[in-house]
Amino acid sequence: MNEKLLKDLFFKEYYFSDFYFFNVGYEKCQSKHRFGPSLRDNYIVHFVISGKGRYTVNDTTHHLGAGDFFLIRPNELVDYEADAEDPWEYYWIGFSGKKVKEILQTNGIGVKDYIGQVDTKEALREKFEGFMQSDFFDDSQKLANQAFFYDIFSFFKIHNEGVEMEVRVSQRTKYSEAFLLYVENNYYREDLTIEEIAKSMYLHPSYFSQVIKEELGLNALKYLNLYRMNKASQLLKTTELSIEEISNAVGYENRHSFSRAFKSRFHSSPTEYKAEK
């Protein structure tokens, strides 16, 4: 009879909600050790470090070995079993959260993907070994353990062209969101340029401008100018600042260029606009 080694740790998560782990374990299985057919309530990913076995999900059987991983999704019928002659040994992490599907997608794992292979299996094995020495019940270690979990999970990737296309589309949205935040926090700087914003995202300015135009429906410079003018109108209506002070506050060194831009936007001069409040 082969020796069965098992370590299975569970802990309730109190602090994180988007993406977190609640279980980590290790097992050196006996010959033909089997789980299922059964349903699990949460996500679990197993990482095979030695031996062989089979994983069956959605009536499809996958034969796996060292360096492979397999994903279990909630409420899907699964069945997995260690090989009779060379039973597998694996680590696993149980995880959950509101953003699991998005996190899986960023790693190239689509809704029909259940298995993959780790590129650097020895490195991941060492990380698991270290991770399982952590104190999961010490709140002062929460951030460190969560970071450890993120690091380990980054190894579980699939090179999936279809999912990568979805991620690229999502990334364009992230670029536009980052642009909006950049403008919101830097519009008052007279030296602010679109080139600077593009470089902050490691993007070529022409590509960046194309993304912003497609995402927002207007080019980046026009959006910046509109944002500045809207801020200026707010200051004119709600403060007693002078036209020159407001001009400087929204990134214009020259009062005359500010007045021209303002009139182009609101069809009245800053002085006339202020008098109407």
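The preceding data block contains the structure.
This section reports on the structure supplied with the text. (Residues numbered from 1 in each chain as written. Predicted model: local features only at pLDDT ≥ 70, side-chain atom pairs only at ≥ 80, totals over all residues. Heavy atoms only, no water.)

1. Topic: the overall build of the chain
Then step 1. The secondary structure content of the chain amounts to ten helices and ten strands.
Then step 2. Overall, the chain is about 90 × 40 × 30 Å in size when its C-alpha atoms are taken along their principal axes.
Then step 3. Considering the chain as a whole, with its 277 residues, one finds that 43% of them fall into the buried category.
Then step 4. Of the contacts made within the chain by residues no fewer than 6 positions apart, 71% connect residues no fewer than 24 positions apart.
Then step 5. Roughly 15,500 Å² of accessible area belongs to the chain as shown, and the carbon and sulfur atoms make up 49% of that amount. (Helix = DSSP H or I, 4+ residues; strand = E, 2+ residues; numbered from the N terminus. Buried < 20%, exposed > 50% of the residue type's maximum accessible area, 1.4 Å probe, protein only. Contact = heavy atoms within 4.5 Å. Areas by Shrake-Rupley, 256 points an atom, 1.4 Å probe, with all protein chains shown as cover.)

2. Some thoughts on the side chain of S233
Then step 1. Within the fold, S233 resides in helix α7 (residues 220-238).
Then step 2. Classification of S233 by relative accessible area gives buried; the value is 9%.
Then step 3. Other than its neighbours up to four places away in sequence, S233 contacts F262, F266 and Y273.

3. Quick word on the nonpolar core
Then step 1. Grouped together as the largest cluster of nonpolar side chains are 29 residues, with contacts concentrated most on I93, F95, F128 and F156.
Then step 2. Breaking this core down by element, the ones donating at least two residues are β2 (20-28), β4 (43-50), β7 (68-72), β9 (89-96), α1 (100-106), α2 (121-131) and α3 (142-153).
Then step 3. The element best represented in this core is β4, accounting for four residues.
Then step 4. Residues contacting I93, with those up to four places away along its chain left out, are F21, N23, V24, Y43, I44, V45, F128, F131, F149 and I152.
Then step 5. Counting 27 residues, the second-largest nonpolar core is a separate cluster that includes M201, F208, V211 and L236. (Core = buried A, V, L, I, M, F, W, Y, C linked by side-chain atoms within 4.5 Å.)

4. Overview of the pattern of salt bridges
Then step 1. Considering all chains together, one arrives at eleven salt bridges under this definition.
Then step 2. Ionic pairing is found between D79 and R34, a salt bridge with its closest N-O pair at 2.6 Å. One end of the pair, D79, is in strand β8 (residues 78-82); the other, R34, is in strand β3 (residues 34-38), and 45 residues separate them in sequence.
Then step 3. For R34, a relative accessible area of 43% translates into the label partly exposed.
Then step 4. For K127, the salt bridge goes to D151, with nearest N and O atoms at 2.8 Å. (Salt bridge = Lys/Arg side-chain N within 4 Å of Asp/Glu carboxyl O.)

5. As for the packing of α7 against helix α9 (residues 255-266)
Packed helices, taken two at a time, are described by the angle between their axes plus the distance between the axes.
Then step 1. Running from N to C, α7 and α9 cross one another at 90°; their axes reach a closest spacing of 10 Å. In terms of their interaxial angle, α7 and α9 are classed as roughly perpendicular. Touching L226, M229, N230, A232, S233 and L236 of α7 are F258, A261, F262, R265 and F266, all from α9.
Then step 2. A per-class count over the contact of α7 with α9 returns eight nonpolar, two polar and one charged. (Axes fitted to C-alpha atoms, helices over the stretch in contact; angles between N-to-C directions. Parallel < 35°, antiparallel > 145°, perpendicular 65-115°, else oblique. Nonpolar A, V, L, I, M, F, W, Y, C, P; charged D, E, K, R; others polar.)

6. A short note on the packing of α2 against α3
Then step 1. Axis separation between α2 and α3 bottoms out at 10 Å; the angle between their running directions is 160°. As summarised for this structure, α2 and α3 are arranged roughly antiparallel, according to the angle between their axes. In this structure, α2 crosses over α3, and the sense of that crossing is left-handed. Seen from α2, the contacting residues are L124, K127, F128, G130 and F131; seen from α3, they are N145, F148, F149, D151 and I152.
Then step 2. Among the residues making up the contact of α2 with α3, the classes are represented as six nonpolar, two polar and two charged. (Left-handed = near helix turned anticlockwise from the far one by under 90°.)

7. Quick look at the packing of aromatic side chains
Aromatic rings in a pair are described by how distant their centres are and how their planes are angled relative to each other.
Then step 1. All told, the structure shown has 39 aromatic pairs when counted by the stated rule.
Then step 2. Summarising the aromatic geometry, the rings of Y43 and F95 are spaced 5.4 Å apart at their centres and angled 20° between planes, so their arrangement reads as stacked. Of this pair, Y43 sits in strand β4 while F95 sits in strand β9, and the two are 52 residues apart along the sequence.
Then step 3. Of the residues examined, Y43 reaches a relative accessible area of 11% and is grouped as buried.
Then step 4. A centroid spacing of 5.4 Å and a plane angle of 15° characterise the contact between F70 and W88, whose relative ring orientation is stacked. Of the two residues, F70 sits in strand β7 while W88 sits in the loop between β8 and β9, which places them 18 residues apart along the sequence.
Then step 5. For K12, the ring lying beneath its charged end belongs to Y14, and the centroid distance is 5.8 Å. (Phe/Tyr/Trp six-rings, centres within 6.5 Å; stacked < 30°, edge-to-face > 60°. Lys NZ or Arg CZ within 6 Å of the ring centre and 35° of its normal.)

8. Topic: unusual backbone geometry
Then step 1. A cis geometry characterises the amide bond from G36 onward to P37, with omega recorded as 0°.
Then step 2. Residues other than glycine seldom take positive phi values, yet D59 does so here, at roughly 65°.
Then step 3. By the secondary structure assignment, D59 is in the loop between β5 (52-57) and β6 (60-65).
Then step 4. For D59, a relative accessible area of 80% translates into the label exposed.

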